Amino acid sequence: MILPLVLALAVQADQATVIEVRSMTPRRVAVECVVKLPELNLREEKALAAAIAAMEMGTRRHSADTMQDLLDGQRPEITQFSDHVRISLLAPRDGASSALSILFGLTNQTGFELKSIAALEARTKERIGQGYWSRLYQSKIDGRVLTMGEVEGTYSKVFRRSQMVITVSGAPSTVEPTQLWQSLERNWQKRSVLFREAPSVAAEVDTYGPSAVGLKGAEFAWGSQGPAKLLATIALGSGKGSALFHSWRQKKGWTYVQECAWLPTRAGFQPVFVGITANPANTTELEPWRSALLEEIESWSEEDRTRALGFANGIWKNGIGFSPFLGSADRTLTTSPSDQAYLLAYWFAKTGSVFETDRFLSLLESTDLEALKATAKDLVSGAELVRIGS
Amino acid sequence: MERLPAADYVSVQIWINSASFPDRFATHGYRHLLEHFQAKGFDNRLDYRLESKGMLLDAETTRDAIKFGVRCQPSQVKQAIQAIGDVLRPRLVTKANIEVEANIIREEIALRAGASQLSADAWLKAYGESGLDPYGNPDVLAKAEPVELQNTWVEMTSPENLALVIAGNVEIDPTTELAKELLGTRKAVSSITVKADRTGINDAVARKGSAIAAKVASFREPGTAARIAAGLAIANLVPASYFQYGPSNVPGLVLVGSDEKSINWVDIVVKENPDDHFSVAKKLVDRWVEIQTTDPARVAALRGRLLAQSPSLRPETLLENLRTVTVPQFREAWKSFNIEVRP
């Protein structure tokens, strides 16, 4: 499965970048928007969660029910990451115009129609506590009550045209998404009135139940080291032929769930390797979890490199899943039309270049066995070993 | 065999009917344990071989069947069918292997998602022992004997219990020939034939989240389609909720739930007017059907789980019923959500 052909890419100063692509599916049009985040402090992160919770409840332009109706029963999905916000809309084939109008309503000209402050509080709490990966690596939450000004200020700080990359995938050839968006953008307001009432949001997150052991690697930008680190991550943590599965599950019997991901950060990415166990005795000592992986790496042969490359091909060409990149707080990226459109927008926002599957995979192939082992050893040796949850 | 010309991958699945060996308290989870062992392949390296070629094996044990599936490209179908042949070959495991794998299943059960736990509770509440969840009881599994497991596998995988389904962009005739060549020589063994059914009422308490369920008859009944529509509409009223239904020819459940414990599902069902939600339900059903009928893995799963029960069962009956749900059927179905599972 190869990402769809990019038909047009419109980049202009002070405007959102729009990428148009040919569809992989004839039935739906996927509109994906990535909003790059400025630096946010803890309170602003929480204020953004409150703003997103309110956006899902409807905007002045469209109520929640109208959005769902226009999107043929779907709701907009909005995910907050450390470095960006993902807005995901899946509309009927002839619905590109409606989807872009909804996107515009969510990101500007808003003025949220709040049904109740209590509902917003509940939604914010639920949103902050939601998601497998965010629960595992939840940073500390500021428990103090937010003010309307904080939420409004954060919303205005985050949703700026110049920080947005939009992919429209699957629109019929008669529709011109770039022009549609640009005509909406002409009504972009520098500042919107947001809330009718002051939200009062106090949220603390429950810790994740079972014990998890995590190896948190150092953050890094994609650059020249990226491909080797990615192949090493896959060799270590993706699939049942991986070191994590072979060692932590099959040899040691410590865990049923073990996986890896690249958490997005403002600096780039942070590789993490996680093993979750229900047996507290397994996490009394953490260092053996690292040693077990180092032992595995020592035993790697050309077969392990071939498996990692095969798995990478499977992820990006055959759609087998288990990508190290996150698609939401709950799951890693798939090759669904929406996720493919999102990857195009995200990769452009993150690296300034268009994601091309073949070129991307050929970069991974340039890592030989010795480089793979050395990179994996560095990743594991230099990682912070942490106990997560109870 | 289902040809999906627009699909970008092929799903090859084998479904093994479990009517001859349903979960009971004394053997609770044997099928799940066998699934774990057989998925490793004859040399414990099946995953490794498939992943090296960009293919993926997945396995699942449901109340009605065990499934193994391989996701591949059209040019890899032969290797995928060979992999299925590999997982079907009986393996003799040791007592030590059983102890290790029972512990891994213990971990799996402890870490299962809220939706899965809640679903198990609802099934137990609705159907008692015949609704036992397929994960199993690790204490029972640890006592299983290797030969007992091997014999069970041989009986379960007798040809009349198997349904091989291939969905994707494949040519039907040559692929059928290939499947016959690779798997068609299997010999029948005498099989225990116990008709799968579910009866009885037990009680259960949810340990995570909250849910509400409706009992359904066979997937072929119009009332089942109406309950699917109602379930989707009820789930739509609660953010981040989930919906579960696995088509079967025997009675089952449509369940909606949430990880939130505080949701009063009974209140929602009683207070909301179903007529207000019929229109959105139709859209949600269309989307559900679209997903089930375009993605090769889902297409193969929908066909496989029914074919394994009987070669005459076809999902088209359900899909047609879903398209023609009426308002009165929908109202009736809405009211049937009365099995509440909460702490």
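As shown above, the structure is provided for reference.
Residues numbered from 1 in each chain as written. Chains lettered and ligands numbered in written order. Predicted model: local features only at pLDDT ≥ 70, side-chain atom pairs only at ≥ 80, totals over all residues. Heavy atoms only, no water.

Student: If you had to explain the environment of B:L178 to someone new, which residues and values would you point to?
Tutor: Looking at the secondary structure, you find B:L178 in helix α8 (residues 172-183). Sequence spacing of B:L178 and B:Q82 is 96 residues, and the spatial spacing of their C-alpha atoms is 10.0 Å. (Helix = DSSP H or I, 4+ residues; strand = E, 2+ residues; numbered from the N terminus.)

Student: Got a sec to walk through empty space enclosed by the protein? Specific residues and values, please.
Tutor: Residues and elements named next belong to chain A. Counting across every chain of the model gives three cavities of 30 Å³ or more. Its boundaries defined by the atoms lining it, the second largest cavity holds a volume of some 70 Å³. In this structure, the second largest cavity is lined by F81, H84, W262, P264, F269, F325, L326, L333, Y342, L343 and Y346. Of all elements in the fold, only β8 (257-264) and α12 (337-351) reach the threshold of two or more residues within the lining of the second largest cavity. Looking at the lining of the second largest cavity residue by residue, the classes come out as 10 nonpolar, one polar and no charged. (1 Å grid on protein atoms, 1.4 Å probe; cavity = no way out; pocket = protein on both sides within 12 Å on 5 of 7 lines; lining within 4 Å. Points joined across faces, edges and corners; volume = space filled by probe spheres on them. Nonpolar A, V, L, I, M, F, W, Y, C, P; charged D, E, K, R; others polar.)

Student: Describe the nonpolar core, listing the residues and the values that go with them.
Tutor: Counting 61 residues, the largest nonpolar core has A:L230, A:L236, A:W316 and A:F325 as the members making the most contacts within it. Broken down by element, this core gets its largest block of residues, eight residues, from α12(A). The residue makeup of this core includes at least three contributed by each of domain 1 (6-185) and domain 2 (211-388) of chain A. Once residues lying within four places of it in the same chain are set aside, the contact partners of A:L236 are A:S242, A:A243, A:L244, A:F273, A:I297, A:W300, A:A376, A:L379 and A:V380. Counting residues in each nonpolar core, the second largest holds 42 residues, with B:V10, B:V87, B:V93 and B:A102 among its members. (Core = buried A, V, L, I, M, F, W, Y, C linked by side-chain atoms within 4.5 Å. Buried < 20%, exposed > 50% of the residue type's maximum accessible area, 1.4 Å probe, protein only. Domains from an automatic or database assignment. Contact = heavy atoms within 4.5 Å.)

Student: Which residues make up the sheet that holds strand β1 (residues 2-3) of chain B, and what values do they have?
Tutor: Residue and element names in this part refer to chain B. Strand order in the open sheet made by the five strands is β1-β5-β2-β4-β3, with mixed pairing throughout. Every other strand in the sheet has two partners, leaving β1 and β3 (56-61) as the edge strands with one partner each. In this structure, strand β2 (residues 10-17) lies alongside strand β4 (residues 65-72), joined through eight bridges in antiparallel fashion. The residue bridging Q13 from the neighbouring strand is G69, located in β4. (Pairing = 2+ DSSP bridges.)

Student: Hey, could you go over the interface of chain B and chain A for me, with residue numbers and the actual values?
Tutor: How big an interface is tends to be stated in terms of accessible area lost as the parts join. The interface of chain B with chain A comprises 33 residues on the first partner and 43 residues on the second. Between chain B and chain A lies a buried interface of about 3,100 Å² when both sides are counted; carbon and sulfur atoms form 50% of it. Counting across the chain B and chain A interface gives five salt bridges. Across the pair A:E303 and B:R45 runs a salt bridge, and its minimum N-O distance is 3.1 Å. Seen at the junction of chain B and chain A, the total is 20 residue pairs in polar contact (both at pLDDT 80 or more). Counting residues per element, the ones that place at least two in the side of chain B that touches chain A are α2 (46-52), β3, α4 (95-110) and α11 (278-294) of chain B. Each residue belonging to the side of chain B that touches chain A can be placed in one class, and the counts come to 12 nonpolar, seven polar and 14 charged. (Buried area = accessible area lost by both parts, 1.4 Å probe. Salt bridge = Lys/Arg side-chain N within 4 Å of Asp/Glu carboxyl O. Polar contact = N/O pair within 3.5 Å; in protein donor to acceptor, adjacent residues only side chain to side chain.)

Student: Can you explain the pairing of β3(B)? Please cite residues and give values.
Tutor: Residues and elements named next belong to chain B. Alignment of β3 against β4, held across six bridges, turns out to be antiparallel. Its bridge partner lying in β4, E60 is registered against K67. Connecting the antiparallel pair β3 and β4 is a turn made up of three residues.

Student: I'd like a description of the packing of aromatic side chains, backed by residues and values.
Tutor: Residue and element names in this part refer to chain A. Applying the stated criterion to the full structure yields 28 aromatic pairs over all chains. Residues W222 and W347 carry aromatic rings whose centres are separated by 5.2 Å and whose planes lie at 75° to one another, so their mutual orientation is edge-to-face. Separated by 125 residues along the polypeptide, W222 in the loop between β7 (211-216) and α8 (226-237) and W347 in helix α12 bring together distant segments of the chain. In this structure W347 comes out as buried when scored by relative accessible area, which is 5%. Centre to centre, the rings of F269 and Y346 are 6.5 Å apart; their planes meet at 80°, and the pair counts as edge-to-face. Separated by 77 residues along the polypeptide, F269 in strand β9 (residues 269-277) and Y346 in helix α12 bring together distant segments of the chain. For the pair F269 and Y346, one class covers both residues: buried. An aromatic cluster is defined as three or more aromatic residues linked by ring pairs; in this entry it consists of F220, W222, W262, F269, W316, F325, Y342, Y346, W347, F355 and F360. The lysine or arginine in question, R86, covers the ring of Y342, its NZ or CZ lying 4.0 Å from the ring centre. (Phe/Tyr/Trp six-rings, centres within 6.5 Å; stacked < 30°, edge-to-face > 60°. Lys NZ or Arg CZ within 6 Å of the ring centre and 35° of its normal.)

Student: An account of the pattern of salt bridges is needed here, citing residue identities and associated values.
Tutor: Evaluation of the coordinates by the stated rule reveals 34 salt bridges over all chains. Residue A:E296 is joined to A:K251 by a salt bridge in which the shortest nitrogen-to-oxygen separation is 2.9 Å. Taken together, the residues A:E296 in helix α10 (residues 287-298) and A:K251 in helix α9 (residues 243-251) connect sequence positions 45 residues apart. Exposure remark for A:K251: the relative accessible area of 52% places this residue in the exposed category. Of the charged contacts in the structure, one is a salt bridge between B:K95 and B:E145, with a shortest N-O distance of 3.7 Å.

Student: Run through the side chain of B:S218, naming residues and quoting values.
Tutor: Residue and element names in this part refer to chain B. As for its position among the elements, S218 is in the loop between β6 (210-216) and α9 (222-236). The class of S218 is buried, set by a relative accessible area of 11%. Only 3.0 Å separates the side chain of S218 from the side chain of N249, close enough to count as a polar contact. Beyond its immediate chain neighbours, meaning those up to four positions away, S218 contacts T224, S248 and N249.

It is worth stressing that arrangement in space is one thing and function is another; only the former is reported here.
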